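Reading the structure
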Amino acid sequence: MLGKLIKHEFHAVSRLLLPLHLALIAITFVGRFYVQFAMDHMDYRFSLIHVSLFMFYFLALFAIFVLTYVYLYILRPHRNWFSDEGYLIHTLPVTPAAHIWSKLIVAMCWVLLDSFLLILSIFLMVVNPQVLNSWPEFIEMLQEMVTATTGMDYVLGSVAYILNLLITFARGLLICYMCLAIGHSFNQYKLLISIGIYIGVSMGMSLITTLAGILFSMPFGGYGSLSLFMISSDYNTLSQQMTWFDTVLSLVVAAAAFFVTQYFLSKRLNLE
């Protein structure tokens, strides 16, 4: 049954997001040709047009980014679970856990696709094709960045970074589901309560991360050691600790949000 839910969810979500991202691809290709034209025909008379079109491109990119995330994180679960559509959805012979998994899997796929297309679009728009000739230097710079961020070698650091990224995306979605589920268990001000819970959870996560950074940095002299004078081994150790702590914390929060959402969908569902 989970497979059928995922198939239905993909179909429902793609009706909005597929045309939106096809438009993004079209804008990118048109913009890439225009950028090349503008570089070959630099003229002060067209400078205002160039700036205006670039602003339109980045505004369109921002709009697609915001609409995708708002739809996947808030509008879709709210409409499907807690609006009039919820009366039909919750009568299906499916467990709340299956409903959550179907939403999560489809949303994760679209979030990853959206992120990839946005990064690719910006890359094609702003990077000069001649830069591709120095691709080995770019890969080397990327390896150094991953090593510096995670404190690990490139392969293990890449795995840790991708794992952390996936869990972070899942955590964000599940926290939104949880806040909506708790907020809609009340009779009034459901969305306001959901927003308030989300702000509280976000502040709590930020506080825990900040405290963890302070505790982990104490063996290296506290935050004052996070400077250009910190020795490499200490910095790598601290980076590893923070990377894995953030991953484990995100996993724990995501699991807690999943079970809380499941509880409220099964025991405290209020569609009035």
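A quick note: this is a predicted structure, and the numbers were derived from the prediction, not measured.

With respect to the side chain of Lys103
Relative to the elements of secondary structure, Lys103 occurs in helix H4 (residues 96–126). Among all residues touching Lys103, those that are not within four sequence positions of it are Glu9, Arg76, Pro77, Asn80, Trp81 and Tyr177.

A word on the packing of aromatic side chains
Aromatic ring pairs: the centre-centre distance and the angle between the two ring planes describe each pair. According to the stated counting rule, one finds eight aromatic pairs in the structure shown. Look at Phe258 and Phe259: their rings are 5.6 Å apart centre to centre, the planes differ by 85°, and that puts the pair in the edge-to-face class. Looking at Phe259, the relative accessible area reads 54%, which means it is exposed. Clustering of aromatic rings is evident, with ring pairs tying together Phe65, Tyr69 and Tyr73.

Remarks on the environment of Trp101
With respect to the helices, strands and loops of the structure, Trp101 is situated in helix H4. Spatially, the C-alpha atoms of Trp101 and Leu5 are 9.1 Å apart, while their sequence positions differ by 96 residues. Apart from the residues lying within four places of it in its own chain, the contact partners of Trp101 are Leu2 and Phe258.

Remarks on a nonpolar patch on the surface
A surface patch of nonpolar side chains, about 480 Å² in accessible area, is lined by Phe62, Phe65, Val66, Val70, Ile74 and Leu75. With respect to the helices and strands, Phe65 occurs in helix H2 (residues 47–82).

Quick notes on the confidence of the model for the protein chain
Chain-level statistics for the protein chain give a pLDDT mean of 79 and a share of 74% at 70 or above. Ranking the helices and strands of the protein chain by mean pLDDT puts H4 first, with 89, and helix H5 (residues 135–150) last, with 66. Confidence over residues 222–233 falls short of pLDDT 50; this stretch has twelve contacts with residues more than four positions distant or in other chains.

A short note on the nonpolar core
One recurring pattern in soluble globular proteins: nonpolar side chains tend to sit buried together. Core analysis: the largest hydrophobic core is formed by 46 residues, its most contacted members being Leu72, Tyr73 and Leu174. Every element with two or more residues in this core is listed here: helix H1 (2–40), H2, H4, helix H6 (154–183) and helix H8 (232–267). In terms of residue count, the dominant contributor to this core is H6 (twelve residues). Discounting chain neighbours no more than four positions away, the residues touching Leu72 are Val13, Leu17, Pro77, Ala107, Trp110, Val111, Leu173 and Tyr177.

Focus: the environment of Ala12
Along the polypeptide, Ala12 turns up in helix H1. Taking the C-alpha atoms as reference points, Ala12 and Arg76, separated by 64 residues in sequence, lie 9.2 Å from one another. Those residues within four positions of Ala12 in sequence are excluded, and the remaining contacts are Tyr71 and Arg76.

A word on the side chain of Ser14
If you trace the backbone, Ser14 turns up in helix H1. Setting aside residues up to four positions removed in sequence, Ser14 forms contacts with Pro19 and Trp110.

Some words on the pattern of salt bridges
Under the definition given, this model contains three salt bridges. The closest approach of N and O atoms between Arg76 and Glu9, which form a salt bridge, is 3.0 Å. Highlighted residues: Arg76 in helix H2 and Glu9 in helix H1, separated in sequence by 67 residues. Both residues of the pair, Arg76 and Glu9, count as buried. Across the pair Glu85 and Arg79 runs a salt bridge, and its minimum N-O distance is 3.5 Å. With a relative accessible area of 24%, Glu85 lands in the partly exposed category. Beyond isolated ion pairs, a larger network of salt bridges with shared partners links Glu9, Arg76 and Lys103.

What counts, and where the lines are drawn
- Residues numbered from 1 in each chain as written.
- Predicted model: local features only at pLDDT ≥ 70, side-chain atom pairs only at ≥ 80, totals over all residues.
- Heavy atoms only, no water.
- Helix = DSSP H or I, 4+ residues; strand = E, 2+ residues; numbered from the N terminus.
- Contact = heavy atoms within 4.5 Å.
- Phe/Tyr/Trp six-rings, centres within 6.5 Å; stacked < 30°, edge-to-face > 60°.
- Buried < 20%, exposed > 50% of the residue type's maximum accessible area, 1.4 Å probe, protein only.
- Patch = residues over 30% accessible without salt bridge, like charges linked within 9 Å, V, L, I, M, F, W, Y side chains within 5 Å.
- Areas by Shrake-Rupley, 256 points an atom, 1.4 Å probe, with all protein chains shown as cover.
- Salt bridge = Lys/Arg side-chain N within 4 Å of Asp/Glu carboxyl O.
- pLDDT = per-residue confidence, 0-100.
- Core = buried A, V, L, I, M, F, W, Y, C linked by side-chain atoms within 4.5 Å.

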